[in-house]
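Analysis of the macromolecular model
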Amino acid sequence: MKIRILLAIFFLIGGAAIVGPWISPYGVSEVSSARLLSPSFTHWLGTDLHGRDLLTRLLYGGRISMLVGLVGASVSLLVGVAYGLAAGYLGGSIDNAMMRLVDTLYALPRIILVIVLISLFDLKLKGFLDATPLAFLAPHARLLLLFVALGLVEWLTLARIVRTQVLSIKERPFVLSSRLIGQNTPTILIRQILPQVLPIVLTYLTLALPAVILEESFLSFLGLGVQAPLASWGTLLADGASLLNPIHTPWWCIVFPSIALASSLLLLNFIGDQLRKPQK
Amino acid sequence: MTTFIIRRLLSSIPVGAAVVVICFTLVRIAPGSPFSSERALDPATKHMLEAKYRLTGSIPTQLFCYLSQIAKGDLGESLKYRGRSVVEIIGQSLPRSILLGSISFLISLGLGIPLGAWSAARNQDRAGSILNGLAILSLSIPTFILAPTTVLLFSFYFHLFPPAGWGEPNQLVLPAFALALPFVGVCARLVRSGLLETLGSDFIRTGRSKGLSEPKLVLLHALRPAILPLVSYAGPLAAGILTGSLLIEETFAIPGVGQFFVSGVINRDVFLVSGVVLVYCAFLLFFNLVADWLTALLDPRIRLHS
């Protein structure tokens, strides 16, 4: 019951993010002279430094943030589970080598990886896409690279967690039994061990989806993620935080993006939590 | 045990080397140069500067120079902060970051484990779901939301804590909590899900049937295996606090190693970046080593040497 309400609220936010920017009388990048107005009936959530309507921008930012979250989390799930299963089950020197690779990637700050990926491949990918039938994607090359980069850094934690589980699970008797009845390694991994790991993976996935949204916001907050004219909740919050000063802070520029981001993350986390509860 | 530690220490040398190689190469192939500024540099001067810092020739030769330098314990000189060695910069700024990070680490574990354990133990009734809700709330509010909003609220509105700076204990309160709170939730959730699974297992039923009290059952018997997922999260937690502290140090103007790292990345200060990354890497390897050791200690089914 409760989960339906949560899902309904979430789809409401998602729907508003999709439909909202079309309905709104203001354009996303429409600059006006009404700078830093506090919330009123004409501008429900106020306006930002350039006189743009904050509500319209928040709805629009929601689209980007959620899209990045969905794609990034799927990438990390696929890679992380496969890697962790393989490392944990194969064990020995293969496991050792695989986990040292994870350690190495961990130790590399993602900021570096993302900066380099983006600055090196941004133009190349754009050029490449332009030449193919996918030319309509070319303006969003930056976003695509962001997906890849986030997916590629987010799977590491999952791989470690899955591996730790597998290390313990594979010592249990039922794995030996299935080997004795002649099941081969892929079957054991998928049919026997994977279901055992799934609860932890689901716990982690519901952490990963918001985590990717977070990562994107973090990068955008530092100015490395989504770039104008696109906007995400992270860039909006960063814009707000840059206006922070002791004399007069336009609180709505900080508070509303924070609420949008935090409440969506909260909803996603709660939904995940409800989904995992055993059905009665 | 000793062989395990020695083997892991030995195997971290190639990891460290690989990290430095990747990092150095990435920064060197990234567009932009550490010597370019607003004024255009004439090619002869640029070449001289590059020669001085041994950044001429192909990237493998530069790397070789740099690696042999590291082997002698010298991390090179910063290209941006001229005349200061990387060791000196890290030596001055790292203790601040470590202080901030370890306070946050302790807060996350100190609040997270009890919160998770309590919410799992009271799973059946209302208290459990409220506590779990609290954990979810805390992990849903990221550091970069907490940082500006807490400053807005507690510094500018209530004037309780200073908005930025370093040196006094009350300047640590906001950054340490803003850094730690999201991880409190993560820790609590990992403990909770581990504990819920354990509480359903046979040996707990046995314990319950022989009349153990519920707190004793949770604290003495269930917590030990249940804490495994949290232990394997120690490495990621340390990493999260390290990256989180980049942002916290920026927001709260704390002169820690993160600030130098960010400016190093922007200026393509290759020696500074590689040096800081090497230090980060050492931290993570250490935490992962401790995590693996603790896992084996807690779960007899895992064998260290296999």
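Since this is a predicted model, take the numbers as computed values, not measurements. (Residues numbered from 1 in each chain as written. Chains lettered and ligands numbered in written order. Predicted model: local features only at pLDDT ≥ 70, side-chain atom pairs only at ≥ 80, totals over all residues.)

1. A closer look at the overall build of chain A
Scanning chain A from N- to C-terminus turns up nine helices and zero strands. Going residue by residue from the N terminus, the α and β elements of chain A occur as α-α-α-α-α-α-α-α-α. When each of the 280 residues of chain A is scored for burial, the buried share is 47%. Pairs at least 24 apart in sequence give 67% of the contacts found in chain A among residues at least 6 apart. (Helix = DSSP H or I, 4+ residues; strand = E, 2+ residues; numbered from the N terminus. Buried ≥ 20, exposed ≤ 12 C-beta atoms within 10 Å, placed from the backbone. Contact = placed C-beta atoms within 7 Å.)

2. Thoughts on the overall build of chain B
Check the secondary structure of chain B and you find 13 helices and zero strands. Counting from the amino terminus, helix and strand elements in chain B follow one another as α-α-α-α-α-α-α-α-α-α-α-α-α. For the C-alpha atoms alone, the extent of chain B along its principal axes is close to 85 × 55 × 30 Å. Sequence separation of at least 24 residues holds for 75% of the intrachain contacts in chain B that already meet a minimum separation of 6.

3. Examining the interface of chain A and chain B
A common way to express how large an interface is: the accessible area buried when the components associate. Taken residue by residue, the interface counts 47 residues in chain A and 49 residues in chain B. Mapped by element, the contributors of at least two residues to the side of chain A that touches chain B are helix H3 (92-107), helix H4 (110-131), helix H5 (141-169), helix H7 (185-221), helix H8 (233-242) and helix H9 (251-276) of chain A. Here the side of chain A that touches chain B takes 10 residues from H9 of chain A, the largest share from any one element. Residue composition of the side of chain A that touches chain B, by class: 29 nonpolar, 13 polar and five charged. (Nonpolar A, V, L, I, M, F, W, Y, C, P; charged D, E, K, R; others polar.)

4. Some points on the packing of helix H6 (residues 143-157) of chain B against helix H11 (residues 234-251) of chain B
All names here are of chain B. Look at H6 against H11: their axes get within 10 Å of each other, and the N-to-C directions meet at 20°. Taken together, the axes of H6 and H11 lie roughly parallel to each other. When the axes of H6 and H11 are compared, the crossing they make is right-handed. Seen from H6, the contacting residues are Thr143, Phe144, Ala147 and Pro148; seen from H11, they are Gly244, Leu247, Ile248 and Thr251. Its residues assigned to classes, the contact of H6 with H11 shows five nonpolar, three polar and no charged. (Axes fitted to C-alpha atoms, helices over the stretch in contact; angles between N-to-C directions. Parallel < 35°, antiparallel > 145°, perpendicular 65-115°, else oblique. Left-handed = near helix turned anticlockwise from the far one by under 90°.)

5. Overview of helix H1 (residues 2-29) of chain B
Its 28 residues place the ends of H1 of chain B 41 Å apart at the C-alpha level, agreeing with the 40 Å of an ideal helix rising 1.5 Å per residue. Of the positions making up H1 of chain B, those classed as buried are Ser12, Val15, Val19, Val20, Cys23, Phe24, Leu26 and Val27 of chain B. (Expected span 1.5 Å × (residues − 1).)

6. As for the packing of helix H4 (residues 86-121) of chain B against helix H13 (residues 270-298) of chain B
Residue and element names in this part refer to chain B. At a minimum axis separation of 10 Å, H4 and H13 run at an interaxial angle of 50°. The orientation of H4 relative to H13 falls into the category oblique. For the pair H4 and H13, the crossing hand works out as right-handed. Together, Val86, Ile89, Ile90 and Leu94 of H4 and Phe271, Leu272, Gly275, Val276 and Val279 of H13 make up the contact between the two elements. Grouping the amino acids of the contact of H4 with H13 by side-chain chemistry returns eight nonpolar, one polar and no charged.

7. A few points about the confidence of the model for chain A
For residues with low pLDDT, the predicted coordinates do not support detailed interpretation. The predicted model of chain A has a mean per-residue pLDDT of 79, with 89% of residues at 70 or higher. Across chain A, element-level confidence peaks in helix H6 (residues 173-180) of chain A with a mean pLDDT of 88 and bottoms out in H4 of chain A with 69. (pLDDT = per-residue confidence, 0-100.)

8. As for unusual backbone geometry
Residue and element names in this part refer to chain B. Of note, Ala253 is a non-glycine position whose phi angle comes to about 50°, a positive value. In this fold, Ala253 is placed in the loop between H11 and helix H12 (257-267). Taking the number of C-beta atoms within 10 Å as the measure of exposure, Ala253 has 13 and is therefore partly exposed.

9. Observations regarding H6 of chain A
Of all eight residues that make up H6 of chain A, zero are buried, and the element is exposed over most of its length. Once H6 of chain A ends, the next one or two residues include Gly182 of chain A, with phi positive near 95°.

10. Describing the confidence of the model for chain B
Residue and element names in this part refer to chain B. Predicted confidence across chain B gives a mean pLDDT of 82, with 97% of residues reaching 70 or more. Considering each helix and strand of chain B separately, the mean pLDDT is smallest for helix H2 (residues 43-52), with a value of 78, and largest for H4, with 88. Quick note on the complex model: pTM equals 0.76, ipTM equals 0.73.

11. Notes on the environment of Tyr26 of chain A
Residue and element names in this part refer to chain A. Looking at where Tyr26 falls in the secondary structure, it is placed in the loop between helix H1 (2-23) and helix H2 (54-90). Between the alpha carbons of Tyr26 and Ser217 there is a distance of 24 Å; along the sequence they are 191 residues apart. Filtering out sequence-adjacent residues up to four positions away, Tyr26 remains in contact with Asp53 and Thr56.

12. A closer look at the environment of Ser74 of chain A
Residue and element names in this part refer to chain A. Structurally, Ser74 can be placed in helix H2. By C-beta crowding, Ser74 is classed as partly exposed, having 16 other C-beta atoms within 10 Å. With 81 residues separating them along the chain, Ser74 and Trp155 place their C-alpha atoms 9.6 Å apart.

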